[in-house]
Amino acid sequence: MSLLLKNGQVYYNDDFQNLDILIEGNKIKKVGKNLDDNADEIQDCSGLSIFPGFIDTHVHFREPGDEKKETLESGSRAAVLGGMTGVFEMPNTNPIVDNLERLNDKLSRAKNRMHCNYAFYFGATNENSDNLDILKGLDGCCGVKMFVGSSTGDLLVKDSFYIEQVIKNSPRIVSIHSEDEDMLLARKNVIEEGNVKSHYIWRSVECAVSSTKKLIDFANKHKKKIHILHITTKDEVNYLKDNQSDYVTFETTPNHISLYGPDIYDQIGTFAQINPPIRTKEHLEGIWKGIDENIISIIGSDHSPHTKEQKNQPYPKSPSGMPGTQTIGLIMTDYYLKNKISLKKLVDLLCVNPCKLFGIKDRGEIKEGNIADLTIYNLNKSFTIKDEWIASNCGWTPFNGKELKVSPFGTFVQGNKVVWDQKLVNEAKGQAYAFN
Ligand SMILES: [Zn+2]
């Protein structure tokens, strides 16, 4: 089966070019001008922009254990409807993924049910911290996830000794939720019942900064790669800028560069409650600076769905987390269209850097021989994000009502047209990612 995508604006050599893409099987066979029309199927892409497949390297899909909030099917459906071609899913499900049997269980659940490509994180614990060698060269596993501050679920490595062990012993990149657990516990007295604005007072800037500094020291000491997730403070950005390291990379989320306190808490209350928290505008601006100066290299959504009923409980009974995998690609593309980031930066953050950093095979660029994962948007048509559009089982988004200068259009996964004209048009075609 061959398919020719004609007349699209294709992201090629760091810019849009009017090119055709010939897909054969799951691969890109050719990219060029006026490719011949002998393909089995021809798809006109006039007016559409075609990116190498965007990847959301940070999602929580809640299966197994809490399928009412999300399943691997519903979460990946949300992802492809927003243009994402793959996700890395987190291990704080129930039960937690802290051994190979549970990792393989997720991989077999994903098969023929996930609409986008996928890899799963392996959760670090004190107990498995000296037995991480089993992850060497394991396809379908993107790395080790370590919570050093407690968030949703039971995964936690809080003692410095074990934190260092995990970083030292892991053969794969260690992605880390960085908040100092002892400080979080010691500060619990500042939590005000019924006042969600005390959330970011409790989970303070210092909790994040002191933890992140410690992690950077361990990475440098052992010359091991760590990826610090959802950076929320200007202080962490400045610290890495002044102490650059070959072993440390930073992620942030669309939430932390779009929403800020106290305003967002006034607007949506406990629906804005996430970990680490949304902070003030000063920090939002500091994080943007980190993006501009390449201190932050990846944007992940930290898609963390909870039901409306749960989120509606009074703080601090309300759980932390918000959905995001359906909106991440569009929100970031909107920032490009509003001249907040360059076109190259957009693609670097959502595709090139994830592929490079994690060593995802045969992706990261629209070129001959690569797997045909494609994100297709209409950059000439506006779109309003609405709760009703959200495919996640949670059925809401913090960006309800937000107007974008871009609309979703199509998603190709493994050479298959999975979404077209904003509709799911195929069965689940996702495959496990292989890694270099
Ligand atoms: Zn997360």
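This one's a predicted model, so the numbers in the text were calculated from it and none came from an experiment. (Residues numbered from 1 in each chain as written. Predicted model: local features only at pLDDT ≥ 70, side-chain atom pairs only at ≥ 80, totals over all residues.)

A word on the domain arrangement of the protein chain
Note on interface size: it is often stated as the accessible area lost on association of the parts.
Thought 1: Here the protein chain is described as being made up of domain 1 (2-50 + 367-424) and domain 2 (74-358).
Thought 2: The distance between the C-alpha centroids of domain 1 and domain 2 comes to 27 Å.
Thought 3: The interface is formed by 28 residues belonging to domain 1 together with 36 residues belonging to domain 2.
Thought 4: At the level of elements, β14 (374-378), β17 (407-413) and β18 (416-420) are the ones that each hand at least two residues to the side of domain 1 that touches domain 2.
Thought 5: Residues of the side of domain 1 that touches domain 2, tallied by class, amount to 18 nonpolar, 6 polar and 4 charged. (Domains from an automatic or database assignment. Contact = placed C-beta atoms within 7 Å. Helix = DSSP H or I, 4+ residues; strand = E, 2+ residues; numbered from the N terminus. Nonpolar A, V, L, I, M, F, W, Y, C, P; charged D, E, K, R; others polar.)

Points about helix α1 (residues 72-81)
Thought 1: Extensive coverage of α1 is indicated by the burial of 10 of its 10 residues.
Thought 2: All buried positions along α1 are accounted for by Leu 72, Glu 73, Ser 74, Gly 75, Ser 76, Arg 77, Ala 78, Ala 79, Val 80 and Leu 81.
Thought 3: Packing partners of the buried residues in α1 comprise β6 (54-59), β7 (84-89), α2 (100-110), β17, β18 and β19 (423-424).
Thought 4: With its phi angle positive at about 95 degrees, Gly 83 sits one or two positions after the end of α1. (Buried ≥ 20, exposed ≤ 12 C-beta atoms within 10 Å, placed from the backbone.)

Observations regarding the nonpolar core
Thought 1: Core analysis: the largest hydrophobic core is formed by 121 residues, its most contacted members being Ile 21, Ile 50, Met 146, Val 157, Val 166 and Leu 350.
Thought 2: Top element by residues in this core is helix α13 (residues 343-358). It accounts for 8 residues.
Thought 3: Each of domain 1 (2-50 + 367-424) and domain 2 (74-358) accounts for three or more of the residues forming this core.
Thought 4: If we skip the residues at most four places from it in the chain, Leu 350 touches Phe 54, Ile 55, Ile 299, Gly 329 and Met 332. (Core = buried A, V, L, I, M, F, W, Y, C linked by C-beta atoms within 7 Å.)

What about the environment of Cys 394?
Thought 1: Along the chain, Cys 394 turns up in the loop between β15 (383-384) and β16 (403-404).
Thought 2: According to the C-beta neighbour criterion, Cys 394 is buried, with 26 such atoms within 10 Å.
Thought 3: Separated by 16 residues in sequence, Cys 394 and Gly 410 have C-alpha atoms that sit 23 Å apart.
Thought 4: Contact partners of Cys 394, with chain neighbours within four places excluded, come to Lys 69, Glu 70, Pro 305, His 306, Thr 307 and Pro 323.

Thoughts on the packing of helix α6 (residues 205-222) against helix α7 (residues 234-242)
Thought 1: Orientation of α6 relative to α7, taken along the N-to-C sense of each, is 25 degrees, at an axis distance of 9 Å. Comparing their axes, α7 and α6 come out roughly parallel. Considering the relative orientation of α6 and α7, their crossing is right-handed. Contacts between α6 and α7 pair Val 205, Ala 208, Val 209, Thr 212 and Lys 213 from the former with Asp 235, Glu 236 and Tyr 239 from the latter.
Thought 2: When the residues that make up the contact of α6 with α7 are grouped by side-chain class, the tally is 4 nonpolar, 1 polar and 3 charged. (Axes fitted to C-alpha atoms, helices over the stretch in contact; angles between N-to-C directions. Parallel < 35°, antiparallel > 145°, perpendicular 65-115°, else oblique. Left-handed = near helix turned anticlockwise from the far one by under 90°.)

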